[in-house]
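Inside the fold
Here is what each chain is made of, one letter per residue.
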Amino acid sequence: DAGVIQSPRHEVTEMGQEVTLRCKPISGHNSLFWYRQTMMRGLELLIYFNNNVPIDDSGMPEDRFSAKMPNASFSTLKIQPSEPRDSAVYFCASTRLAGGEQYFGPGTRLTVT
Amino acid sequence: KQEVTQIPAALSVPEGENLVLNCSFTDSAIYNLQWFRQDPGKGLTSLLLIQSSQREQTSGRLNASLDKSSGRSTLYIAASQPGDSATYLCAVSRGYGNNRLAFGKGNQVVVIP
């Protein structure tokens, strides 16, 4: 099993540009999560999906952030327009069962200048 | 709102000593609790998951206990090794069918050879 796959691993962009982060969950997992990690705030849940349907997006900071899951094997997190305060490491995680053990991807380190 | 606290934020121990890491949470109505390990620049690796009905879980040198009524969990690592140096995070889930995890900010551990 390849684990959760994220791309890109590093992204450097200028303020105002659109950023798209990608995630492929573990095959057979039906829940997918997007997290953001910063030194100041720690690890925060942005949004999660069950069976490709967004369930809880209360952690999405503002309208500049959007997430989609068009099928069971792919999800995107988009930031448009990006701002320097969006700089963080973004993690994707998946789980097979509701409330089950979560498996994390390696993360995307985003730097917005 | 569930608050998860891990104190101290950082600690160092000599190799061979047992490690004791504490996690406390404010709302005892949890579904499960998960301990993760994070190496610098990497994603999170799940170590142990304890269901709310369980008192402890063991895996090799790792043992995690859960006292739901007092809102506490402890992770024990026996005979620590330099390879155990990492940040350890505790996370609790809100309830059955609700996959949202609330994370502590972690204990950064250094095992001194």
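Residues numbered from 1 in each chain as written. Chains lettered and ligands numbered in written order. Predicted model: local features only at pLDDT ≥ 70, side-chain atom pairs only at ≥ 80, totals over all residues. Heavy atoms only, no water.

Further remarks concern the overall build of chain A. A count of helices and strands for chain A gives 0 helices and 11 strands. Secondary structure elements of chain A, listed N to C terminal, follow the sequence β-β-β-β-β-β-β-β-β-β-β. For 113 residues, the compact-globule formula gives about 13 Å, and the C-alpha radius of gyration of chain A, at 13 Å, lands near that figure. Dimensions of chain A along its principal axes, counting C-alpha atoms only, are 40 × 25 × 25 Å. The burial tally for chain A puts 49% of its 113 residues in the buried class. Sequence separation of 24 or more characterises 54% of the internal contacts of chain A that already satisfy a separation of 6 or more. Approximately 5,500 Å² of chain A is accessible, and the part contributed by carbon and sulfur atoms is 50%. In chain A, which carries 11 positive and 12 negative side-chain charges, the distance between the mean positions of the two groups comes to 4 Å. (Helix = DSSP H or I, 4+ residues; strand = E, 2+ residues; numbered from the N terminus. Rg over C-alpha atoms; globule rule 2.2 N^0.38 Å. Buried < 20%, exposed > 50% of the residue type's maximum accessible area, 1.4 Å probe, protein only. Contact = heavy atoms within 4.5 Å. Areas by Shrake-Rupley, 256 points an atom, 1.4 Å probe, with all protein chains shown as cover. Lys, Arg positive; Asp, Glu negative; His and termini not counted. Charge placed at Lys NZ, Arg CZ, Asp CG, Glu CD.)

Moving on, we come to the side chain of Thr-13 of chain A. Residue and element names in this part refer to chain A. Locating Thr-13 in the fold gives a position in strand 2 (residues 10-13). With relative accessibility at 10%, the residue Thr-13 sits in the buried group. In this view, Thr-13 contacts Val-19, Ser-82, Leu-110, Thr-111, Val-112 and Thr-113; residues no more than four positions away in its chain are not counted.

Let's shift gears to the state of the cysteines. Scanning the model with the defined rule gives 2 disulfides over all chains in all. Residue pairing for Cys-23 of chain A: its cysteine sulfur links by disulfide to Cys-92 of chain A, the two sulfurs lying 1.8 Å apart. Its S-S torsion of about -65° marks the bond between Cys-23 of chain A and Cys-92 of chain A as left-handed, since a negative value means left-handed. Residue Cys-23 of chain A is found in strand 3 (residues 19-24), and its partner Cys-92 of chain A is found in strand 9 (residues 88-95); the two are separated by 69 residues along the sequence. We classify Cys-92 of chain A as buried; its relative accessible area is 0%. Here Cys-23 of chain B connects covalently by a disulfide to Cys-90 of chain B, the sulfurs 1.9 Å from one another. Classification of the bridge connecting Cys-23 of chain B and Cys-90 of chain B rests on its S-S torsion, roughly -45°, and on that basis the disulfide is left-handed. A residue pair is termed long-range when its members are at least 10 positions apart, and Cys-23 of chain B in strand 3 (residues 19-25) and Cys-90 of chain B in strand 9 (residues 86-95) qualify at 67 residues. The exposure class assigned to Cys-23 of chain B is buried, which follows from its relative accessible area of 2%. Judged by relative accessible area, Cys-90 of chain B falls into the buried class, the value being 0%. (Disulfide = S-S within 2.5 Å.)

To continue, consider the environment of Ala-72 of chain A. Residue and element names in this part refer to chain A. Checked against the element boundaries, Ala-72 lands in the loop between strand 7 (65-71) and strand 8 (74-79). For Ala-72, a relative accessible area of 46% translates into the label partly exposed. Residues Ala-72 and Val-53, 19 residues apart in the sequence, show an inter-C-alpha distance of 9.8 Å. Discounting chain neighbours no more than four positions away, the residues touching Ala-72 are Pro-25 and Asn-52.

This brings us to the nonpolar core. Core analysis: the biggest nonpolar cluster contains 24 residues, and Leu-19, Leu-21, Leu-33, Trp-35, Leu-75 and Tyr-88 of chain B have the highest contact counts within it. Contributions of two or more residues to this core are made by strand 2 (10-14), strand 3, strand 4 (32-38), strand 5 (44-51), strand 7 (62-67), strand 8 (72-77), strand 9 and strand 11 (107-112) of chain B. Contact partners of Leu-21 of chain B, with chain neighbours within four places excluded, come to Leu-11, Trp-35, Ser-73, Thr-74, Leu-75, Tyr-88, Asn-107 and Val-109 of chain B. Core analysis: the second largest hydrophobic core is formed by 21 residues, Val-19, Ile-47, Phe-49 and Tyr-90 of chain A among them. (Core = buried A, V, L, I, M, F, W, Y, C linked by side-chain atoms within 4.5 Å.)

Residues and elements named next belong to chain A. A sheet is described by the order of its strands in space; here 4 strands give the open sequence 1-3-8-7, paired in antiparallel fashion. At either margin of the open sheet sits one strand with a lone partner, and together these are strand 1 (5-7) and strand 7. Strand after strand, the sheet turns through a mean of 15° between neighbouring axes, direction not considered. Note: strand 7 against strand 8, 5 bridges, orientation antiparallel. Paired with Phe-65 across the strands is Ile-79, a residue of strand 8. (Pairing = 2+ DSSP bridges. Axes fitted to C-alpha atoms, helices over the stretch in contact; angles between N-to-C directions.)

Let us now look at the interface of chain A and chain B. In this assembly, 27 residues from chain A lie in contact with 18 residues from chain B. Each partner contributes to the roughly 1,700 Å² buried at the junction of chain A and chain B, and carbon and sulfur atoms together form 48% of this total. Where chain A touches chain B, the interface holds 0 salt bridges. Taken together, the connections running from chain A to chain B amount to 4 residue pairs in polar contact (both at pLDDT 80 or more). Of the residues that constitute the side of chain A that touches chain B, the class distribution is 11 nonpolar, 11 polar and 5 charged. (Buried area = accessible area lost by both parts, 1.4 Å probe. Salt bridge = Lys/Arg side-chain N within 4 Å of Asp/Glu carboxyl O. Polar contact = N/O pair within 3.5 Å; in protein donor to acceptor, adjacent residues only side chain to side chain. Nonpolar A, V, L, I, M, F, W, Y, C, P; charged D, E, K, R; others polar.)

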